Amino acid sequence: MTIAEAVSGRSVLSGRSVTVQVPATTANLGPGFDTLGLALAHYDHLDVAVRDEPGVTVEVHGVGEGEVPTDETNLVARAIIHTFAAYDQPLPGLNLVAHNVIPHGRGMGSSGAAIVSGIMAAKGLLEGLVDIDAEALLALATEMEGHPDNVAPALFGGLTIAWMTPEGPRHKKLMVHRGVKPLVFVPEHAMSTALARSLQPESVPHEDAVFNVSRSALLIAALIQSPELLLAATEDKLHQSYRAAAMPETNQLITLLREHGFAAVVSGAGPSILVLASDPGQRLVAAELVAAESDTPWQALMLAVDFMGATVSRTDV
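Residues numbered from 1 in each chain as written. Predicted model: local features only at pLDDT ≥ 70, side-chain atom pairs only at ≥ 80, totals over all residues. Heavy atoms only, no water.

(A) Examining the side chain of S17 more closely. Position of S17 relative to the elements: it lies in strand 1 (residues 17–27). Of the polar contacts made by the side chain of S17, one reaches the side chain of T315; its length is 2.6 Å. Each residue touching S17, except ones within four places of it in the same chain, is listed here: V48, A49, L125, S313, R314, T315 and D316. (Helix = DSSP H or I, 4+ residues; strand = E, 2+ residues; numbered from the N terminus. Polar contact = N/O pair within 3.5 Å; in protein donor to acceptor, adjacent residues only side chain to side chain. Contact = heavy atoms within 4.5 Å.)

What follows is the structure in structure tokens.
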């Protein structure tokens, strides 16, 4: 900081602005509980500008408008503040404008996307002052989210395997077979992730654990090489059955879809449903089936796999 800036109270970051794009995600993918995640081409956008006045203001457009906080308690703002604090950087005044399309409370990674948006915005604003590498980005996001399965694909794109080590979270990104076509059915009602996780038992039968290990391994092969195996590869005994009573419409529709040969699973904590189709035509048939058979409305999102993950760019240069 120059003497003039110190006297005037202006931040060394004065005048900087960034724009961030973060994809939606779907986690678990059936058997890969708290481990597997997939980035989807459905994006939240965030514009952040440094201002001379202290404090943080948030303007929200789209999903969450009029519902989420518009001050420092906003999750995106909290992620920016968390990142600045982690690197002992003074927080400047900030104006945030969020353009949201990822549904909230539907199992499409909205909280993970908000956290990643803030961390990536901080990374962009601190460019040239602090180097935040991929490992640090994942650690910061996991600290806030509590688990890395959603934030890893949001950050890095593609199919991610995430795991915890004594040194912190780690991930491996894989490219998905071009034949895999995600379809997400989104209901009107939401589901609390905390409630969904509370329904999990502390332990599971040994045979169920072995079952899921085999299906998780098979799912990796199906997603990157052999999409024809997706139906068998998405079988699960660790989490979906325990949450079924809290999401009866979701459970009924998954049962219907799987009976008709579609690789349908709960998307994240639900209540949305992910179908991993092996070709575009299969998605259309699945959407027609749901429209014809379901008593409740579901929005069908036919999405591509996002391979880039979160991006940030300076807009003041």
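(B) Expanded view of the pairing of strand 4 (residues 93–100). Note: strand 2 (residues 36–51) against strand 4, seven bridges, orientation antiparallel. Across the sheet, residue V48 finds its bridge partner in strand 4, namely L96. Sheet analysis places strand 3 (residues 56–62) next to strand 4, joined by seven bridges and oriented parallel. Each bridged residue has a counterpart across the sheet, and for G62 the counterpart in strand 4 is N100. Note that the unit made of strand 3, helix 2 (residues 75–86) and strand 4 has a crossover that is left-handed. (Pairing = 2+ DSSP bridges. Right-handed = clockwise from strand over helix to strand, strands pointing away.)

(C) The sheet that holds strand 8 (residues 264–266), seen in detail. Strand order in this open sheet of four strands is 8-9-7-10, and the pairing throughout is antiparallel. At either end of the open sheet lies a strand with only one pairing partner, and these are strand 8 and strand 10 (298–302). On average, adjacent strands in this sheet sit at an angle of 25° to one another, irrespective of strand direction. Sheet analysis places strand 7 (residues 181–187) next to strand 9 (residues 273–277), joined by five bridges and oriented antiparallel. Looking at strand 9, one finds that V184 is bridged to L274. Of the strands in this sheet, strand 7, strand 9 and strand 10 are in contact with helix 11 (residues 280–293), which crosses strand 7 at around 20°. (Axes fitted to C-alpha atoms, helices over the stretch in contact; angles between N-to-C directions.)

(D) Region of the structure containing the packing of aromatic side chains. Inspection of every chain in the model, using the stated rule, returns zero aromatic pairs. Sitting above the plane of the F211 ring, R215 keeps its charged end 3.9 Å from the centroid. The ring of F211 has K237 sitting right over it, with the charged end atom 4.5 Å from the ring centre. (Phe/Tyr/Trp six-rings, centres within 6.5 Å; stacked < 30°, edge-to-face > 60°. Lys NZ or Arg CZ within 6 Å of the ring centre and 35° of its normal.)

(E) Representation of the pattern of salt bridges. Going through the model one piece at a time under the given rule, you end up with four salt bridges. A salt bridge links E127 to R314; the nearest nitrogen and oxygen atoms lie 3.5 Å apart. Taken together, the positions of E127 in the loop between helix 3 (110–125) and helix 4 (134–145) and R314 in strand 11 (residues 311–314) put the pair 187 residues apart, joining distant regions of the chain. On the basis of relative accessible area, E127 is assigned to the partly exposed category, the value being 44%. For R314, a relative accessible area of 22% corresponds to the partly exposed category. Linking R314 and D316 is a salt bridge whose minimum nitrogen-to-oxygen distance equals 2.7 Å. (Salt bridge = Lys/Arg side-chain N within 4 Å of Asp/Glu carboxyl O. Buried < 20%, exposed > 50% of the residue type's maximum accessible area, 1.4 Å probe, protein only.)

(F) Examining the side chain of T234 more closely. Along the chain, the position of T234 falls in the loop between helix 8 (230–233) and helix 9 (240–243). The buried category is assigned to T234, whose relative accessible area is 1%. Other than its neighbours up to four places away in sequence, T234 contacts L29, G30, P31, L219, R258, A263, V265 and L276.

(G) Inspection of helix 10 (residues 248–259) at higher detail. Look at helix 10: 16 Å from first C-alpha to last across 12 residues, which is about the 16 Å you get at 1.5 Å a residue. Taken together, the buried positions of helix 10 are T250, L253, I254, L256 and L257. Seen end-on, helix 10 carries its buried residues on one side only, within an arc spanning 160°. Along helix 10, exposed side chains directed more than 90 degrees from the buried face belong to Q252 and E259. Those residues of helix 10 that are buried lie in contact with strand 7, helix 9, strand 8, strand 9, helix 11 and strand 10. Backbone geometry just after helix 10 places G261 at a positive phi near 90°. (Expected span 1.5 Å × (residues − 1). Arc of directions from axis to C-beta.)

(H) Here's a closer look at the environment of V184. Mapped onto the elements of the fold, V184 is located in strand 7. V184 sits 78 residues away from F262 along the chain, and the two C-alpha atoms are 12 Å apart. Not counting residues up to four positions away in its chain, the partners in contact with V184 are L40, M108, S272, I273, L274, Q299, A300, L301 and L303.

(I) Just the packing of helix 10 against helix 11, in detail. Interhelical geometry of helix 10 versus helix 11 gives an angle of 130° and a closest axis separation of 11 Å. Put simply, helix 10 runs oblique to helix 11. The crossing of helix 10 and helix 11 is right-handed. For the pair helix 10 and helix 11, contact is made by L253, L256 and L257 and by A286, L289, V290 and E293, respectively. When the residues that make up the contact of helix 10 with helix 11 are grouped by side-chain class, the tally is six nonpolar, no polar and one charged. (Parallel < 35°, antiparallel > 145°, perpendicular 65-115°, else oblique. Left-handed = near helix turned anticlockwise from the far one by under 90°. Nonpolar A, V, L, I, M, F, W, Y, C, P; charged D, E, K, R; others polar.)

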